[in-house]
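Observations on chain architecture
The chain contents come next:
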Amino acid sequence: MTPNLAHAFELASRPTGVVDVFAYVREGLQAATGSLLTTASVYDLSQMRSRRVWTDDAVAYPTGNFKRLDRNHYFETVIEGRRPFASTTIEEIATVFFDWQKIQALGFESNMNLPAIAGGEVIGTVNLLHRKGYYTADRVSAALAWQPVATLAFLLLHRAGAETETFHGTSIDAAGALEG
């Protein structure tokens, strides 16, 4: 499945555009690369934290709370380098994510983070988890086709001022809880 930008913009024009475009991104990434758990995050770099704003598994990874952001290889690759980050083993994940044990406990050992970029800055990421060895260079390359649609989804989110909202309509306290 390749992205249809005309369709993405039609979805964006709806009153439910943010939700619809994120669902389209998930559907497209699922078809292009596969994912067993997909989330979307925004970043507050002044406080070195991120927050999930969308999830397809609210039990395992709910939206809401802030998660600390560390300066490491992930930060250098995604936030500073504006490139996707992928790993194929839990050992690689453990070097960049403090919650690697939770990821492993859920049965995942491979991840990919696809940055949405606007104005030369990362405005969010779509985050994918899968089994060990899954996110190979070919799968990362296939995911890149969906980067413009992911960027549209995050631009809609930012335009609506919804960085403090979840897609379930629950407002988040600006202070928020911090995981890790």
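What you see as residue numbers is a count from 1 along each chain, following the sequence as written. Residues qualify for local features only when their pLDDT is at least 70, as the model is predicted, and side-chain atom pairs are given and counted only at 80 or more; totals for whole chains, interfaces and linings, by contrast, use all residues. To get the side-chain values, take all heavy atoms of the structure and skip hydrogens and water.

1. Quick look at the overall build of the protein chain
For clarity, the cut-off: Under the scheme used here, helices are H or I runs from DSSP no shorter than 4 residues and strands are E runs no shorter than 2 residues, and both carry numbers assigned from the N terminus. The cut-offs for exposure are 20% and 50% of the maximum accessible area for each residue type, with area from a 1.4 Å probe on protein chains only; residues under the lower value are buried, those over the upper are exposed, and the others partly exposed. Here, two residues are considered to be in contact whenever any of their heavy atoms come within 4.5 Å of each other. Throughout, the Shrake-Rupley method with a 1.4 Å probe supplies accessible areas, and for residues the shown protein chains are the sole cover considered.
Of the regular secondary structure elements, the protein chain holds seven helices and seven strands. The order of helices and strands in the protein chain, counted from the N terminus, is α-α-β-β-β-α-β-α-α-β-β-α-α-β. For the protein chain, with 180 residues in total, the buried portion stands at 48%. Counting contacts in the protein chain only where the partners sit at least 6 residues apart, residues at least 24 apart contribute 61% of the total. Carbon together with sulfur atoms contributes 52% to the accessible area of the protein chain, which is approximately 8,500 Å² in total.

2. Some points on the pattern of salt bridges
Note the threshold: By definition, a salt bridge exists where a carboxyl oxygen of Asp or Glu is found within 4 Å of a side-chain nitrogen of Lys or Arg.
Overall, the coordinates contain seven salt bridges when judged by the stated rule. Salt-bridge contacts for E10 lead to R14; the nearest nitrogen and oxygen are separated by 3.3 Å. D20 serves as the salt-bridge partner of R14, at 3.5 Å between the closest nitrogen and oxygen. Classification of D20 by relative accessible area gives buried; the value is 16%. Put simply, E10, R14 and D20 are held in one network by salt bridges that share partners.

3. Examining the packing of helix 1 (residues 5-12) against helix 7 (residues 147-159)
Which entries qualify depends on this criterion: To define axes, lines are fitted to C-alpha atoms, for helices over the stretch in contact only, and angles between the resulting N-to-C directions are given on a 0 to 180 degree scale. For classification purposes, an angle smaller than 35 degrees is called roughly parallel, one larger than 145 roughly antiparallel, one from 65 to 115 roughly perpendicular, and anything else oblique. Crossing handedness is read from the near helix: turned anticlockwise from the far helix by less than a right angle, it gives a left-handed crossing, and turned clockwise, a right-handed one. Residue polarity is assigned by list, with Asp, Glu, Lys and Arg as charged and Ala, Val, Leu, Ile, Met, Phe, Trp, Tyr, Cys and Pro as nonpolar; anything else, Gly included, falls into the polar class.
Running from N to C, helix 1 and helix 7 cross one another at 15°; their axes reach a closest spacing of 10 Å. Looking at the two axes, helix 1 sits roughly parallel to helix 7. In terms of crossing hand, the pair formed by helix 1 and helix 7 is right-handed. On helix 7, the residues that touch L5, A8, F9 and A12 of helix 1 are P148, V149, L152 and L156. Class assignment for the residues of the contact of helix 1 with helix 7 results in eight nonpolar, no polar and no charged.

4. Examining helix 3 (residues 73-80)
Defined as follows: N or O atoms within 3.5 Å of each other form a polar contact, as long as, within protein, one can give a hydrogen and the other can take it, and as long as residues adjacent in sequence are counted only when both atoms are side-chain atoms.
All buried positions along helix 3 are accounted for by Y74, F75, T77, V78 and I79. Where helix 3 is buried, its residues contact strand 1 (37-44), strand 4 (85-87), strand 5 (110-118) and strand 6 (121-130). Sitting at the amino-terminal end of helix 3 is N72, which places a side-chain oxygen 3.0 Å from the backbone nitrogen of Y74. Within two residues after helix 3, R82 carries a phi angle of roughly 55°, on the positive side.

5. Comments concerning the pairing of strand 1
Let me state the cut-off plainly: Here the rule is simple: two strands pair whenever DSSP picks up at least two bridges between them.
Burial analysis of strand 1 places seven of its eight residues in the buried class, which makes it a mostly covered element. In this structure, strand 1 lies alongside strand 6, joined through five bridges in antiparallel fashion. Pairing of T38 across the sheet is with L128, part of strand 6. Across six bridges, strand 1 lies against strand 2 (residues 49-55) in antiparallel orientation. From the neighbouring strand, T39 faces strand 2, where its bridge partner is T55. The loop that links strand 1 with its antiparallel partner strand 2 comprises four residues; one of these, M48, has a positive phi angle of about 50°.

6. A word on the environment of L5
Tracing the backbone shows L5 in helix 1. Given a relative accessible area of 42%, L5 falls into the partly exposed group. Separated by 141 residues in the primary sequence, L5 and W146 have C-alpha atoms spaced 9.6 Å apart. If we skip the residues at most four places from it in the chain, L5 touches P148 and V149.

7. Describing the confidence of the model for the protein chain
Heads up, the condition is: A residue's pLDDT is the predictor's confidence in that residue, given on a scale from 0 to 100.
Mean pLDDT over the protein chain works out to 89, with 89% of the residues at or above the 70 mark. Mean pLDDT in the protein chain bottoms out at strand 7 (residues 178-179), which sits at 44, and peaks at strand 4, which reaches 98. In this model residues 166-180 is a low-confidence stretch, pLDDT under 50, and it forms 39 contacts with partners more than four residues away in sequence or in other chains.

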